[in-house]
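Structural overview for review
What follows is each chain in one-letter form.
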Amino acid sequence: KPILLFPSFLNVVRWKKVASMRTPRYEFACAVLGGFVYVVGGHGIGGKNLTNVEVYDPLNNVWTDLPSLKRARWGCIGSALGGKLYVMGGRSSFTIGHSRCVDVFDPVAKQWQEEKNGCMMVLTHAIVDEELFCIEWKHDRKLAVYNASENSWKRVALPLAGSLNVGFCLANLGGKLLLYPTRGEAPCDTFFFDPNAPSATAWQTMEITRSVGTCLCCATIAA
């Protein structure tokens with residue numbers, strides 16, 4: 001299936017169709033590393049569980065195959081940390097369930113390696129200051145924060161009350177973590193988190209237009 005870029009020049013927004021992926025897929029991991037867009041795993045035609053990986057070069061408008069995963073993976077997330085691609089969460093089969101295994105790709109060596117310390121069912125995620133922030137399904141009252149250089153996790157409480165069924169998204173906005181509801185009618189504030197601020201003032205409310213709707217999968221090449 002084609003991937004669509006969303007460029008903006010002189011405040012004029014345009015959609016542009018670019019080269020199609022070599023393998024049609026959905027529920028795949030997607031991330032930008034070194035100016036290239038990586039897509040990993042997912043479901044293919046007929047619901048086939050995929051192991052294959054490809055990378056998109058936006059300058060030459062071409063997709064290239066990369067070494068495959070050792071096992072199929074879908075419903076997973078992709079993150080660029082410390083010059084490497086991290087793929088975690090999701091499932092490998094309908095019987096095995098969600099895995100804490102992390103697949104790590106080195107673009108220089110073009111090799112995959114495996115780590116054991118990952119999130120499982122990630123609802124939303126974002127990267128701020130080379131740390132991965134996640135909201136997990138079973139821990140939706142706290143952020144799971146991953147430091148790749150130390151291969152360690154910590155938990156940060158969310159400033160929310162009531163049901164989280166309204167749905168939330170995370171994003172990086174000016175070096176701060178943005179937390180906002182995905183439904184405009186949600187009775188919830190928009191917050192931002194400054195990882196460098198004292199804990200008592202790390203969370204602040206923010207006035208921002210709420211995003212309404214569902215995003216299938218996206219990645220930012222340059223902002």
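Another aspect to go through is the environment of T205. With respect to the helices, strands and loops of the structure, T205 is situated in strand β20 (residues 203-206). Spatially, the C-alpha atom of T205 lies 6.4 Å from that of F192, the residues being 13 residues apart in sequence.

A word on the nonpolar core. Ranked by internal contacts, the top residues of the largest apolar core, which has 17 residues, are F133, L143, L170, L177, L179 and W203. For this core, the elements supplying multiple residues, two or more each, are β13 (122-128), β14 (131-136), β15 (139-147), β17 (168-173), β18 (176-181) and β19 (190-193). Contact partners of L179, with chain neighbours within four places excluded, come to I135, L158, P159, L160, F168, C169, L170, D189, T190, F191 and W203. Formed by 15 residues, the second largest nonpolar core is a distinct cluster that contains A29, V53, V55 and A80.

Turning our attention to a nonpolar patch on the surface. On the surface, M121, L123 and W137 cluster together into a nonpolar patch covering about 300 Å² of accessible area. Along the chain, M121 turns up in the loop between β12 (111-115) and β13. On the basis of relative accessibility, which here comes to 30%, the residue M121 falls in the partly exposed class.

By the secondary structure assignment, V18 is in strand β4 (residues 16-20). Among the residues examined, V18 registers a relative accessible area of 6% and is labelled buried. Along the sequence, V18 and N61 sit 43 residues apart, while their C-alpha atoms lie 6.6 Å from each other.

Strand pairing in a sheet relies on backbone hydrogen bonds. The paired strands run either parallel or antiparallel. In spatial order, the strands read β9-β10-β11-β12; together these four strands make up an open sheet with antiparallel pairing. For this open sheet the edge positions go to β9 (77-81) and β12, each flanked by a neighbour on one side alone. Sheet twist, expressed as the average angle between the axes of neighbouring strands with direction ignored, equals 25°. Of the pairings in the sheet, the one linking strand β10 (residues 84-88) to strand β11 (residues 102-106) comprises three bridges and is antiparallel in character. Across the sheet, V87 pairs through a bridge with D103, a residue of β11.

Counting through the fold element by element, E136 comes out in strand β14. Overall, the relative accessible area of 3% leaves E136 in the buried class. Setting aside anything within four residues of it in sequence, one finds E136 in contact with R100, C119, M120, M121, V122, L123, A144 and R155.

The rules behind the values
- Residues numbered from 1 in each chain as written.
- Predicted model: local features only at pLDDT ≥ 70, side-chain atom pairs only at ≥ 80, totals over all residues.
- Heavy atoms only, no water.
- Helix = DSSP H or I, 4+ residues; strand = E, 2+ residues; numbered from the N terminus.
- Core = buried A, V, L, I, M, F, W, Y, C linked by side-chain atoms within 4.5 Å.
- Buried < 20%, exposed > 50% of the residue type's maximum accessible area, 1.4 Å probe, protein only.
- Contact = heavy atoms within 4.5 Å.
- Patch = residues over 30% accessible without salt bridge, like charges linked within 9 Å, V, L, I, M, F, W, Y side chains within 5 Å.
- Areas by Shrake-Rupley, 256 points an atom, 1.4 Å probe, with all protein chains shown as cover.
- Salt bridge = Lys/Arg side-chain N within 4 Å of Asp/Glu carboxyl O.
- Pairing = 2+ DSSP bridges.
- Axes fitted to C-alpha atoms, helices over the stretch in contact; angles between N-to-C directions.

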